[in-house]
Amino acid sequence: ISQQSRGDQLRAGLIYVNLDRFRLLNETFGLDAGDQILAQVGARLSGSTPPSALICRCGSDEFAVLFDDASEP
């Protein structure tokens, strides 16, 4: 909001990630394997985004990444 009050444009970005066939993975290899995959996805998202990005798990196999400054592609 403070940037908007100075006349600057605030650009935000959102990436939505849905893991295909995650239910099949849980059914085939068990919930522990599914939990390990979810932890790995979270770690990879965290390691490949800026520190200011907000990463959240939205559902069983869904993640969202919010960028507060998306001025760069």
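As the structure is a computational prediction, the values presented were derived from the model and not from experiment.

Focus on the state of the cysteines
- The full count for this structure, using the stated rule, is zero disulfides.
- You can see Cys56 has no disulfide; the closest cysteine sulfur is in Cys58, sitting 3.8 Å from it.
- Its relative accessible area of 35% is what places Cys56 among the partly exposed residues.

A closer look at the pairing of strand β3 (residues 62–67)
- Of the pairings in the sheet, the one linking strand β1 (residues 13–18) to β3 comprises six bridges and is antiparallel in character. In the strand pairing of β3, Leu14 is matched with Leu66.
- Linking strand β2 (residues 54–59) back to β3 in an antiparallel pair, the connection comprises two residues.

Quick notes on the rules
- Residues numbered from 1 in each chain as written.
- Predicted model: local features only at pLDDT ≥ 70, side-chain atom pairs only at ≥ 80, totals over all residues.
- Heavy atoms only, no water.
- Disulfide = S-S within 2.5 Å.
- Buried < 20%, exposed > 50% of the residue type's maximum accessible area, 1.4 Å probe, protein only.
- Pairing = 2+ DSSP bridges.
- Helix = DSSP H or I, 4+ residues; strand = E, 2+ residues; numbered from the N terminus.

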